[in-house]
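Listed below, chain by chain, are the residues.
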Amino acid sequence: MKKTIKLKIDRLICNVVVATGVASVATQLLTIREFLSLLNGNEFVIAIILFNWLFLGGLGTLLAGPFSKKNASVKSLYWIATCLLILAPVQLIAIRKIHSLIFIHGSSVGFYPTLAYSLFTITPYCLLLGFLLPYSLLVVRSQIDNYPGTRIYIFDNVGDIFGGALFSFVLVYFTTPMQAVCFTQVPLLIALYKLYTSVYNVKFPAITGFALGLLVLVVALMNEASTLAPHNGKLAYYQETPYGRIQIIEDQEQFTLFQNGRPTFSSQNLNAAEEVIHYPLSQIDCVRHVLLISAEKSMISEVKKYNPISIDYVELDPAITDVQFRFGLLEKHPEMKVIHQDGRQYLAQTNKKYDAIILNLPEPDTFQTNRFFTEQFFSIARQRIQENGILSFSVKGFDNYISDNELQKISSIYRTASQVFSQVILIPGNRIFFLCSESPLETDIPGLLENKKISTSYISGYYDGNITLERINRLNHQLLPSVPLNSDFSPHLVRILLDEWFSIFSTSPVLFVLILSVINIVYFFFISKEEFVLYTTGGFTMGTEILVIFAFQIFFGYIYLQIGLIITVFLAGILPGAFYGEYLRKRGKQILVFTDMMLIALMMLFIGGITLFSNHLSGNVFLAFGFVVSLVCGCQFPVALHLQGGTKPAAIKMFSADLIGAAYGTLVTSILLIPFAGILWSAIGLILLKTISLIILNSKHETCFKTKISNI
Amino acid sequence: MKPVSRRKFLTFSALTLAGSSLPVRPLCAFTKTQGKTGSDNIAGKPFKNDAPEHLWKWSREADYSITLPGNAVICGICPHGCVLEDGDRSICRSRVNINGNLHTLAYGNPCSVNTDPIEKKPLFHFKPASKALSIASTGCNFRCLNCQNWQISQVKPEDVRFYDLFPEQVIIKAVDVKADSIAYTYSEATTYYEYMIDTAQLAKKKGISNLWISNGYINPEPLSALCEVIDAANINLKSFDNRTYQKLNGGNLDPVLNTLKTLHKKKVHFEITTLVVPGYVDDEKMIKKMCQWIIHNLGPDHPMHFLRFFPQYKLDRLYPTPISVLTNLRKIAIDTGIRYVYVGNVPDHEGNHTFCHQCGKMLIERKGYHIPTCNIEKNKCRFCSTLIPGQWI
């Protein structure tokens, strides 16, 4: 009987752990998306939010330290998990509401306020989440002695996988953020109710907790619309897509499309349309086939002035074109063909040749958009344009003075384009246009248009006053000859744009980096070798995941489903790995050494694969690679835990080390390694990390990493 | 291991919560409860101990400073009235206190030199279709979130690439490019006051007009001196609400209004520009109040420009101004009695042209910076002979 109760508690708590995993991963993904809609969506911000989440989770895990199984109870677990459940929708609302309270409406936010704001809003949830896992283990161990910590780890992983897959492949298509958050809390609500009512005879607290949780979820759902109301204008349309948030704000007769909180297309932006279309097309004698990668209102009408035979319009997100047509942000034309695909991937696959390829993309401040400003992309584009064809694109420019960062950016792009095209000219302005061709190009756009008898409103009136020869020559003379090229494997532009972001807000990340480094170093003095191994493994896993996604995008384009699959397999591999590790744990250090060496070998394989066999790689290779890496990483946890005695303090430290390592791995790989060193050196960096782990593991003294400070 | 006591748990939790509240500190700089600094007022502060050790070639002793005991000085150029200890730098970043003397570091070192059409300033009633040699050194006494010249307005003179162009050389350059005027523009000309006024004095002697393009945030005394040498001005009236001035720009409204009154009193030709920022400066009641103030204090003859806002610099998460809003505000201004009201940054808008306030006929047709049609002869409407305010030759 007693055994039955113990098994029942085991099962009930594992259900809670799984349900927490489901809820927390969905909440994490939604939180990140929410921040990206409110804050700058560059790689630094993404990395910071993920870092905060993981780091706080690691800290939360350590909070369970003072507790013992004698004072761990199902009751406490119930209420803590209920608080967590309630915090999920509350956090989402808080992120939206607090943002509008403390930041000036319509303004971007710099690095330190972003860091502070994200920390402030997610700290309660993350600390609690991190605390819950080891506490669950304590509660089980209060009933079942020597309950393996790995089991909790495995069930947590099951929940993570399911939650990630559920959100990425189902909920993101059909639900709003609040609906998704609330839906994914329901299994936890039920699991907690079952837990309490199975252990205790008194049902009232369980009913109270259940009712409270349900009430919060319902109220949050009912009030979601009010949290999305714009500060001014009217929300005419709202949709969450896999690629982010789409909103149409209506003010008077104007509709503006916002993507992740940033205005991208307006129904009244004729100036942009004329510049984007006429600067390149005026250069071509006969315009037959035009490719637009992303477009906005009036662009099609301006293209039509050249009487082309075909206009192909490529847009990654079908939801964007839907709303564009619906709200008059893009005109439909019989000659126009809409293609929903990653623009670069389309160009790589099509056989069609164009007279003009015109890009209308955001700044290359993410790895995803950077792919359209690399030598490799320019080469692909060159193959797809006619002999006298032209490639045109633009980046943010300047009014009267080009800052050092901007000069680096422009020079890098110019130099990169010049590697591929013999003719590259720049047209300065609030946006700087790059025109690339093998044929001679001119900057006298009004003259060219006059020859073609094409009338314009903005160019004909303002070009000569804004784009003087003086300004064009000055820009050309200022270009830096020796800036790094921007390539797929070395995305220097991302780094330059991150610098630009910092300079806009007159801040520097140096202090942040220093503090983190000091915390990291101090942390190392207090952890055992096994913890260090897990720390490096956490960093290695996250770093590898980022590298794999990055590399996948280079070769196959941004395909949401595939990328979602990659993230899922990185979670999924841990599960069988943990099982296997549990089976092998008695072989102890041998397994850790072996798995570390395997990880090094796998990363070498990755480097070899993307450099030597890039043409033969398929998407499945990336999936398989991700699975194997996470499988090997998953092996290490039970082994490390066993080496530390499998006690409660050991489990807490192991969980914590894994999370903190993952946090640092995310940050370092995203904002330091890839932008500064490129993909290959980042991979080498991860190899180095695991090499250090091996060295530490094989060092003579068991406690060599614990200093005398920790022994005081 | 010993079980944790309640006291220990509470202590531990309190420490954790206290530690986790540390991130709130940077947020406190943005809370509404703070006085001068906060999300309600983005005004800058002087930079402590930020002056260079030694002056450089492009500096001059500043005008309008007051020396205080203990080597401190007060800068008297703008209403911020920066009190600078020895070694401090002003809010505008261009002035420093070295050994108890205030110096400007923005003298003879413009970072931006262009030849622009005068309509770009915008100045529509002063020497139309002429060219202006436009210069700017770094610095600004505001912190506008949507500054389109932030690369030079929010930096120190030492942080940019610049030309070596002292006042005499500016005149030579202006003659060389056949400019009718020199415009002190782009960043905030008030912050390189000495450079501007010295150049303007030389330009005046040469018969070259001086154009002051400014936020109008200047003290009366330096303004009066400036009025002796400038021929025209465009003053940015960013809003008619002091809270908006503090929130979006980091300044105050009243000094700007005083500047407008002074320019009017001194009979300097000036035009007023208002950038219509959605949600902040598009309120019809506020604009009406603004126009009524203009009529009452300045009269109906100073041209007014409503410019369309586009996302810029830090204010990049707002949509552009709907065109009908500008059309409507223009109508409000005309109905209030302002005779010449223009719409900027919108091609092919009726508000690009000049119409006679008497007979309503089109006097100047503008296509961008081009003027295909001009019906002003000897400062008068060709149709009804009404005197049109401005300087047309």
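Residues numbered from 1 in each chain as written. Chains lettered and ligands numbered in written order. Predicted model: local features only at pLDDT ≥ 70, side-chain atom pairs only at ≥ 80, totals over all residues. Heavy atoms only, no water.

1. What about the overall build of chain B?
Working step 1: Of the regular secondary structure elements, chain B holds 10 helices and 19 strands.
Working step 2: Considering only C-alpha atoms, chain B reaches an extent of 100 × 50 × 35 Å along its principal axes.
Working step 3: In chain B, buried positions account for 58% of the 393 residues.
Working step 4: In chain B, the share of contacts with a sequence separation of at least 24, taken over all contacts with a separation of at least 6, comes to 67%.
Working step 5: Carbon and sulfur atoms make up 52% of the accessible area of chain B, which amounts to about 16000 Å² in all.
Working step 6: Taken as two groups, the 48 positive and 35 negative side-chain charges of chain B have centres that lie 6 Å from each other. (Helix = DSSP H or I, 4+ residues; strand = E, 2+ residues; numbered from the N terminus. Buried < 20%, exposed > 50% of the residue type's maximum accessible area, 1.4 Å probe, protein only. Contact = heavy atoms within 4.5 Å. Areas by Shrake-Rupley, 256 points an atom, 1.4 Å probe, with all protein chains shown as cover. Lys, Arg positive; Asp, Glu negative; His and termini not counted. Charge placed at Lys NZ, Arg CZ, Asp CG, Glu CD.)

2. So, the pattern of salt bridges
Working step 1: Taken as a whole, this structure holds 38 salt bridges over all chains when the rule is applied.
Working step 2: One salt bridge in this structure joins A:K690 and A:D596, with 2.8 Å as the shortest N-O distance. Highlighted residues: A:K690 in helix α26 (residues 648–697) and A:D596 in helix α24 (residues 589–612), separated in sequence by 94 residues. Per residue, the accessibility class of A:K690 equals that of A:D596, and both read buried.
Working step 3: Salt-bridge contacts for B:E377 lead to B:R382; the nearest nitrogen and oxygen are separated by 3.9 Å.
Working step 4: Given a relative accessible area of 47%, B:E377 falls into the partly exposed group.
Working step 5: For B:R382, a relative accessible area of 43% translates into the label partly exposed.
Working step 6: Each of the salt bridges in this network shares a partner with another, and the network as a whole consists of A:R33, A:E34, A:R96, A:E224, A:E240 and A:R245. (Salt bridge = Lys/Arg side-chain N within 4 Å of Asp/Glu carboxyl O.)

3. Details of the packing of aromatic side chains
Working step 1: Considering all chains together, one arrives at 64 aromatic pairs over all chains under this definition.
Working step 2: Seen in terms of ring centroids, A:F67 and A:F131 are 5.3 Å apart; in terms of plane orientation they differ by 75°. Their pairing is edge-to-face. Remark: A:F131 occurs in helix α4 (residues 111–143) and A:F67 occurs in the loop between α2 (43–63) and α3 (74–102); sequence separation between them is 64 residues. For the pair A:F67 and A:F131, a shared accessibility class is recorded, and that class is buried.
Working step 3: Their ring planes at 75° and their centres at 6.1 Å tell us that B:F142 and B:Y245 sit as a pair that is edge-to-face. Separated by 103 residues along the polypeptide, B:F142 in the loop between β8 (131–136) and α3 (150–153) and B:Y245 in helix α7 (residues 242–249) bring together distant segments of the chain.
Working step 4: Judged by relative accessible area, which is 0%, B:F142 ranks as buried.
Working step 5: Above the plane of the ring of A:Y200 lies A:K75, whose end atom (NZ or CZ) is 5.5 Å from the centre.
Working step 6: B:R366 extends its terminal NZ or CZ atom over the ring of B:F124, reaching a point 4.0 Å from the ring centre. (Phe/Tyr/Trp six-rings, centres within 6.5 Å; stacked < 30°, edge-to-face > 60°. Lys NZ or Arg CZ within 6 Å of the ring centre and 35° of its normal.)

4. Some details on the environment of A:I161
All names here are of chain A.
Working step 1: One can find I161 in helix α5 (residues 149–174).
Working step 2: Judged by relative accessible area, which is 15%, I161 ranks as buried.
Working step 3: Along the chain, I161 and L571 lie 410 residues apart, while their C-alpha atoms are 5.6 Å from each other.
Working step 4: I161 has contacts with T568, L571, A572 and L575, leaving out every residue within four places of it along the chain.

5. A look at the packing of helix α21 (residues 529–556) of chain A against α24(A)
All names here are of chain A.
Working step 1: For the pair α21 and α24, the least separation of the axes is 12 Å and the interaxial angle reads 15°. Judged on the interaxial angle alone, α24 and α21 are roughly parallel. Crossing angle aside, the handedness with which α21 passes α24 is left-handed. Across the interface between the two elements, E530, V533, T537, F540, T544, L547, V548, A551 and F555 of α21 pack against L592, D596, L599, M603, F606 and I610 of α24.
Working step 2: Considered class by class, the residues forming the contact of α21 with α24 number 11 nonpolar, two polar and two charged. (Axes fitted to C-alpha atoms, helices over the stretch in contact; angles between N-to-C directions. Parallel < 35°, antiparallel > 145°, perpendicular 65-115°, else oblique. Left-handed = near helix turned anticlockwise from the far one by under 90°. Nonpolar A, V, L, I, M, F, W, Y, C, P; charged D, E, K, R; others polar.)

6. Quick look at the sheet that holds strand β3 (residues 73–75) of chain B
Strand pairing in a sheet relies on backbone hydrogen bonds. The paired strands run either parallel or antiparallel.
Residue and element names in this part refer to chain B.
Working step 1: Strand order in the open sheet made by the three strands is β2-β3-β4, with antiparallel pairing throughout. Lying at the two open borders of the sheet, with one neighbouring strand each, are β2 (65–67) and β4 (83–84).
Working step 2: The sheet contact formed by β3 and β4 spans two bridges and is antiparallel. Following the sheet pairing, I74 is matched in β4 by V83. (Pairing = 2+ DSSP bridges.)

7. A look at the sheet that holds strand β1 (residues 60–61) of chain B
Working step 1: As summarised here, the arrangement of the three strands in space is β1-β6-β5 (chain B), forming an open sheet in which the pairing is antiparallel. On the outer flanks of this sheet lie β1 and β5 (95–98) of chain B, each paired with one strand and no other.

8. What to know about α7(B)
Residues and elements named next belong to chain B.
Working step 1: All buried positions along α7 are accounted for by T244, Y245, L248 and N249. Buried residues of α7, viewed axially, fall in a sector of 105°; they line one side.
Working step 2: The inward-facing, buried residues of α7 abut β11 (232–236) and α8 (253–265).
Working step 3: After α7 finishes, the residue G250 shows a positive phi value of roughly 80°. (Arc of directions from axis to C-beta.)

9. Quick notes on α8(B)
Residues and elements named next belong to chain B.
Working step 1: The end-to-end C-alpha distance of α8, which contains 13 residues, comes to 19 Å, matching closely the 18 Å that a straight helix rising 1.5 Å per residue would cover.
Working step 2: Taken together, the buried positions of α8 are occupied by L253, P255, V256, L257, T259, L260, T262 and L263.
Working step 3: For α8, the elements touching its buried residues are β10 (209–214), α6 (220–227), β11, α7, β12 (269–276) and α9 (284–298).
Working step 4: In the stretch just after α8, K267 is the one whose phi turns positive, near 60°. (Expected span 1.5 Å × (residues − 1).)

10. Observations concerning the packing of helix α6 (residues 177–199) of chain A against helix α7 (residues 204–222) of chain A
For any two helices packed against each other, the geometry comes down to the angle between their axes and how far apart the axes lie.
Residues and elements named next belong to chain A.
Working step 1: For the pair α6 and α7, interaxial distance at closest approach is 10 Å and the crossing angle is 175°. One way to sum up the angle between α6 and α7 is to call them roughly antiparallel. Facing α6, whose interface residues are M178, Q179, C182, Q185, V186, L189, Y193, Y196 and T197, α7 presents P205, A206, I207, G209, F210, G213, L214, L217, A220 and L221.
Working step 2: Of the residues assigned to the contact of α6 with α7, the class counts are 14 nonpolar, five polar and no charged.

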